[in-house]
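The chain contents come next:
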Amino acid sequence: MKKSTILYIVLGGASLALSGALIPWAISGEQKATTEIALHEASVVPNPNVRGEYLVGEEFESEGLFLDIGGREVAFSDCELSYDFSSGGEKVVTASFEEENDHYEGYYRVTVYAIRHLDIRDKTLTLKSDGTFDASRLIVWAELATPAHEFPRPAEFPNPEDTVAVLSPSQYVFEVKETSEYGFYEASVTAGGAKSSWNHAVPSPDRPEVSSAERILHLENGSGTSDKLTLYCQNSTANFSPWQGEGSNEVTGTYVLESNGNKKQFKFRYRIDGWTSSFLSSEYGEGLVDKQGYEGDGDAMSVEVDGLVFYSRGAAWHVAVLAM
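Read on for an overview of the structure. Small disclaimer: the values here were computed from a predicted structure and weren't measured.

**Describing the packing of aromatic side chains**
In the structure shown here, the tally under the stated rule is 15 aromatic pairs. When the ring of Phe60 is compared with that of Tyr108, the centres are 6.0 Å apart and the planes differ by 55 degrees; the resulting orientation is tilted. Here Phe60 is found in the loop between strand 3 (53–55) and strand 4 (66–69), whereas its partner Tyr108 is found in strand 8 (residues 102–113), with 48 residues between them in sequence. With relative accessibility at 9%, the residue Phe60 sits in the buried group. Pairing Trp141 with Phe157 gives two aromatic rings, centres 6.0 Å apart and planes at 90 degrees, and the pair type is edge-to-face. Residue Trp141 is found in strand 12 (residues 139–144), and its partner Phe157 is found in the loop between strand 12 and strand 13 (164–167); the two are separated by 16 residues along the sequence. Phe157 sits in the partly exposed class, given a relative accessible area of 29%. The ring centre of Tyr54 lies 4.1 Å from the NZ or CZ of Arg51, which sits over that ring.

Spelled out as structure tokens, the structure:
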């Protein structure tokens, strides 16, 4: 036998012996790694006073819940919680607790509801001295996707199959921001994936009262002066519902002319029958004449007052007067 062959056999035997010695060490290392953290399922201590129903997007409330770990109770507040309330349906909150080499997990099941529609029953807001709004009088109803059992219901919807619930301030987000129109704000309530917005006007002695900033029309000055004319649409026999061209509708309000630092008011009256418009403010005999049409634009409106001419294109006055 050649020396080289003998050398290969010796080296091969040494390698085999070394591998055999390492195998038990590797196995024992794997066993040590797998037993380093032991996983245990823990039960959740029942508490009938803890919430079992939530709205989409709400934060889970852990107070009053405990994990039973071998007869010892650990509060959920001392556990790591994981859950997903981004959509409606049956959800599971996982509570995890680690102690030395033991990992405990408990599961708490809840129902999460999406909101189809928000109905703000009372939109009363009060402007406080610090410039913020008091929204404590808001009454917020929510139409849920399915009937709930824990949420309070309005007296008008007492049956278990009703899907209307009354929300508390902690269950919705109220926001308010100024609009481009002085004294007008856009208020909103957001909850359960739904949002409802409305305009809020702060009464002012310098401005005729209107229900929305959309009812205010700033006319263009066609005379090349710095004088301003603003129309405030205050009443509509169609309640400012978007005009559909059926029947008739009469709108009244107030023009305010700002000239040479002074303000002067004139009455406004308009009527539409089907799609036929009639500007009738001149009938008040106050010296103001409004009509349809301006410099070849038949859809525009124009106003003559105190020797001045003002106008508005159709796209603008349609919004203020006809809500369309």
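**Looking at the sheet that holds strand 22 (residues 276–279)**
Strand pairing in a sheet takes place through backbone hydrogen bonds and is either antiparallel or parallel in direction. Spatial strand order, 17-19-20-21-22: 5 strands in an open sheet with antiparallel pairing. Across the chains shown, the open sheet's two edge strands, defined by having one partner strand only, are strand 17 (216–218) and strand 22. Sheet twist, expressed as the average angle between the axes of neighbouring strands with direction ignored, equals 25 degrees. For strand 21 (residues 262–273) and strand 22, the ladder comprises 4 bridges, and the chain directions are antiparallel. Within the sheet, the bridge partner assigned to Ile272 lies in strand 22 and is Ser277. Contacts between helix 2 (residues 314–322) and the sheet are confined to strand 17, strand 19 (228–236), strand 20 (248–259), strand 21 and strand 22, with strand 21 contributing the most and set at about 85 degrees to the helix.

**Regarding the sheet that holds strand 15 (residues 184–191)**
Read from one edge to the other, the open sheet built from 3 strands follows the order 14-15-16, with strand pairing classed as antiparallel. Each edge of the sheet is formed by a strand with only one pairing partner; in this case those strands are strand 14 (173–178) and strand 16 (194–201). Direction aside, the axes of adjacent strands within the sheet are offset by 20 degrees on average. Both strand 15 and strand 16 contribute to a ladder of 8 bridges, which runs antiparallel.

**Digging into the pattern of salt bridges**
Where charged atoms from two side chains of opposite charge come close, those side chains can pair. Overall, the coordinates contain 11 salt bridges when judged by the stated rule. Measuring nitrogen to oxygen at the nearest pair gives 4.0 Å for the salt bridge that ties Arg116 to Glu143. Residue Arg116 is found in strand 9 (residues 115–122), and its partner Glu143 is found in strand 12; the two are separated by 27 residues along the sequence. Note on Glu143: relative accessible area 29%, which makes it partly exposed. Put simply, Arg269 and Glu283 hold a salt bridge, and the shortest N to O gap is 2.6 Å. Taken as a pair, Arg269 in strand 21 and Glu283 in the loop between strand 22 and strand 23 (289–294) lie far apart in primary sequence, 14 residues in all. Residue Arg269 is classed as partly exposed on the basis of its relative accessible area of 22%. Each of Glu250, Arg269, Arg271, Asp273 and Glu283 takes part in a single network of salt bridges with overlapping partners.

**Points about helix 2**
Considered for burial, the residues of helix 2 that qualify are Gly314, Trp317, His318, Ala320, Val321 and Leu322. Note on helix 2: the residue one or two positions beyond its end, Ala323, has a positive phi of about 55 degrees.

**A few points about unusual backbone geometry**
One non-glycine residue, Phe240, lies in positive phi territory at about 55 degrees. Examined against the element boundaries, Phe240 turns out to sit in the loop between strand 19 and strand 20. Judged by its relative accessible area of 15%, Phe240 falls in the buried class. At Glu295, a position not held by glycine, the phi torsion is positive, near 45 degrees.

Analysis parameters
- Residues numbered from 1 in each chain as written.
- Predicted model: local features only at pLDDT ≥ 70, side-chain atom pairs only at ≥ 80, totals over all residues.
- Heavy atoms only, no water.
- Phe/Tyr/Trp six-rings, centres within 6.5 Å; stacked < 30°, edge-to-face > 60°.
- Helix = DSSP H or I, 4+ residues; strand = E, 2+ residues; numbered from the N terminus.
- Buried < 20%, exposed > 50% of the residue type's maximum accessible area, 1.4 Å probe, protein only.
- Lys NZ or Arg CZ within 6 Å of the ring centre and 35° of its normal.
- Pairing = 2+ DSSP bridges.
- Axes fitted to C-alpha atoms, helices over the stretch in contact; angles between N-to-C directions.
- Contact = heavy atoms within 4.5 Å.
- Salt bridge = Lys/Arg side-chain N within 4 Å of Asp/Glu carboxyl O.

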